[in-house]
There are 2 protein chains.
Amino acid sequence: MVQSSPGENRIIAMTFHINTVAVVGVGLIGGSLALSLKAAGSVRRVLGVGRSKANLEQALSLGIIDEVVSLEAAARADIVFLATPVAQMPSVFAALKPHLAATTVVTDGGSTKQDVIAAARASLADKFSQFVAAHPIAGTEKTGAAAAFATLYEKRKVVVCGEPDTDTRAVELVESMWRAAGADIHRMTASDHDDVFAAVSHLPHLLAFALVDMLADAPRADDYFKFAASGFRDFTRIAAGSPEMWRDISAANRFALREQLTRYRQKLDAFDGWLATAAAEDIAQIEASYARASAARNAWQRHIEHGEPLPKFTSGGET
Amino acid sequence: MVQSSPGENRIIAMTFHINTVAVVGVGLIGGSLALSLKAAGSVRRVLGVGRSKANLEQALSLGIIDEVVSLEAAARADIVFLATPVAQMPSVFAALKPHLAATTVVTDGGSTKQDVIAAARASLADKFSQFVAAHPIAGTEKTGAAAAFATLYEKRKVVVCGEPDTDTRAVELVESMWRAAGADIHRMTASDHDDVFAAVSHLPHLLAFALVDMLADAPRADDYFKFAASGFRDFTRIAAGSPEMWRDISAANRFALREQLTRYRQKLDAFDGWLATAAAEDIAQIEASYARASAARNAWQRHIEHGEPLPKFTSGGET
């Protein structure tokens, strides 16, 4: 349907071919992986598992999946990709376990990793080494099989979080699959992953939701929404997201999220102190903070827009 | 150069004609007002005042202004529009005062109103009644005369904050001018104005700046900016703004800003408590807050995109 990306990934994609991939949860994330693997000629047959019969029938008619199967049958595919909400994964792992073939690799696309790994470890037990935790950094606001498209993962990052006891060949298989879908692979510990995404995704979502809820609940709420303009629109766009999904992510990653939230609250305490005195040196602190933020934000914008290298922010981090 | 908008505003614009408007600070805000009044045929002559000779010459060559004048000469125009940074306004008021003609109306376009009114009251003294505080809710990221365009204010809101001792005819003149520029007029007290814009603009800016500064200063900053994606991009877009301008706004509106910041910090304290226990009822509180925010944000989006009426958020507010 859609051609895979040219260049390096295409060459790797040509070398990757697998017999069957089972997608559990055939929505935007799962369906797009299926379509991209098919477009790359990397999979012979895609099996679909899901709770909504209508959605699975649509996935069949759109050519996203070739067959609807049970979790028991999915457990014998070469790769089982879990693209359900994170909250459903424990029960999916438990249902897969008794039927899991020794050569089957299980992987997921969840937004949090330590909790999914813990669930996999608990349910898969002696078969845990067959599980590879991963997180594709891609998505749109749309959901369901009809939202899937073959180029969703092109040049997007996929974070792969292997554990010490994860089978090395399983990790390589999952990474090859994502490369075939056009993605760039980044290995990271689950703990680092959860910290990074608490900082750049989960905390911003919480902050945006919190602001809109606060304003909607205020005595002058009607005026607030009447006079809100483009800055507010951009700042609060992520507060339009699914409350259930972000509740699950916030709860699943609550330790890392609370660490970021604590640092942020300390930052706001400092701002409050500076505004309280409004002394020249305190106003200068406000300006200094705004200036550091503006410089970092503009450098990042040039990076994502024009590919300029990011500045080195910290001595401890990697570039 | 550019036609004014058709319809109701055009009819009002036809009835509004003034001899001279002096623009102090011929950038995006001041220059666009000049261009829109010229396009509407509502002004005979626009005088320009500024500190940058190069910018004024560009404004002349672009037909934004007809003549460069001193503040002393500007003080004899029919309307003097102050479009300088808010921090410069006290000295502009002081320089205008000795030369201000009895029929001249002074107005401004600053983002905060109580502080500008206090400065005008202090400097203009017995001529304070000739001053009308106003705030056009429009702008782009660009600055300088070259950024000005005639349609900037079309269908945008202008908040007009008359004081009890403001001359009624002066208010009506300023409102007619903004209508001629295509804007919709909203009257509000300066105190209400500053509260509303603390809530929907100044606090979101502070929050976005604070987050980016916190992340740039973190041990894992390089990873944060490497994996930041589209949600982060939108949430932090306003953190790319001018540190000096937002320092001035934060300081000028610090009382209203601190009130909003205090409420917000209380909200974050609640989130921290809910995440700390992760008890079912606390996770339900998180979901409830996210759900209220998502519903409000989506209703607001339908309002600005499709003109749907906003829901009634509060019993005390106006719809």
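Predicted, not measured: the structure shown is a model, and the values here were computed from it.

Points about the relation of the copies chain B and chain A
So, point 1. Aligned on chain A, chain B shows an RMSD of 0.0 Å; the corresponding rotation is 180 degrees and the shift along the axis is 0.0 Å. Overall, the copies show the geometry of a two-fold rotation axis. When C-alpha distances to the rotation axis are compared across chain B, the minimum falls at F235 of chain B, with a value of 2.0 Å.
So, point 2. Residue by residue, 100% of the interface of chain B is reproduced at the interface of chain A, so both copies engage with the same surface.

Considerations on the interface of chain B and chain A
Interfaces are often described in size by the accessible area the parts lose on coming together.
So, point 1. Facing 84 residues of chain B, the contacting portion of chain A comprises 84 residues.
So, point 2. With 18 residues, helix α8 (residues 190-216) of chain B is the single largest residue contributor to the side of chain B that touches chain A.

Things to note about the packing of helix α5 (residues 89-96) of chain A against helix α6 (residues 114-124) of chain A
Residues and elements named next belong to chain A.
So, point 1. The contact between α5 and α6 brings their axes to 9 Å, and the two run at 30 degrees. In this view, α5 runs roughly parallel relative to α6, as classed from their interaxial angle. For the element pair α5 and α6, the recorded crossing hand is right-handed. Residue-level inspection shows M89, P90, F93 and A94 of α5 in contact with α6, the latter providing V116, A119, A120, S123 and L124.

Concerning the confidence of the model for chain A
All names here are of chain A.
So, point 1. Taken over all residues, the pLDDT of chain A has a mean of 93, while the share at 70 or more is 94%.
So, point 2. Within the model, pLDDT remains below 50 along residues 1-8, and this stretch shows 18 contacts once partners closer than five positions in the same chain are excluded.
So, point 3. Every residue in residues 315-319 is under pLDDT 50, and counting partners more than four places away or in other chains gives 11 contacts.
So, point 4. Scoring of the predicted complex yields 0.90 for pTM and 0.90 for ipTM.

A short note on the sheet that holds strand β6 (residues 131-136) of chain B
All names here are of chain B.
So, point 1. Sheet architecture is open: eight strands sit in the order β3-β2-β1-β4-β5-β6-β7-β8, paired in mixed fashion. In the strand order of this sheet, the two ends are held by β3 (67-68) and β8 (184-187), each with one partner.
So, point 2. The pairing of strand β1 (residues 18-24) with strand β4 (residues 79-82) spans four bridges and is parallel. Looking at β4, one finds that V21 is bridged to I79.
So, point 3. Against the sheet, helix α5 (residues 89-96) contacts β1, β4 and β5 (105-108), and its axis sits at roughly 160 degrees relative to β4.

Each value, and the rule that gives it
Residues numbered from 1 in each chain as written. Chains lettered and ligands numbered in written order. Predicted model: local features only at pLDDT ≥ 70, side-chain atom pairs only at ≥ 80, totals over all residues. Least-squares fit on C-alpha atoms with pLDDT ≥ 70 in both. Contact = placed C-beta atoms within 7 Å. Helix = DSSP H or I, 4+ residues; strand = E, 2+ residues; numbered from the N terminus. Axes fitted to C-alpha atoms, helices over the stretch in contact; angles between N-to-C directions. Parallel < 35°, antiparallel > 145°, perpendicular 65-115°, else oblique. Left-handed = near helix turned anticlockwise from the far one by under 90°. pLDDT = per-residue confidence, 0-100. Pairing = 2+ DSSP bridges.

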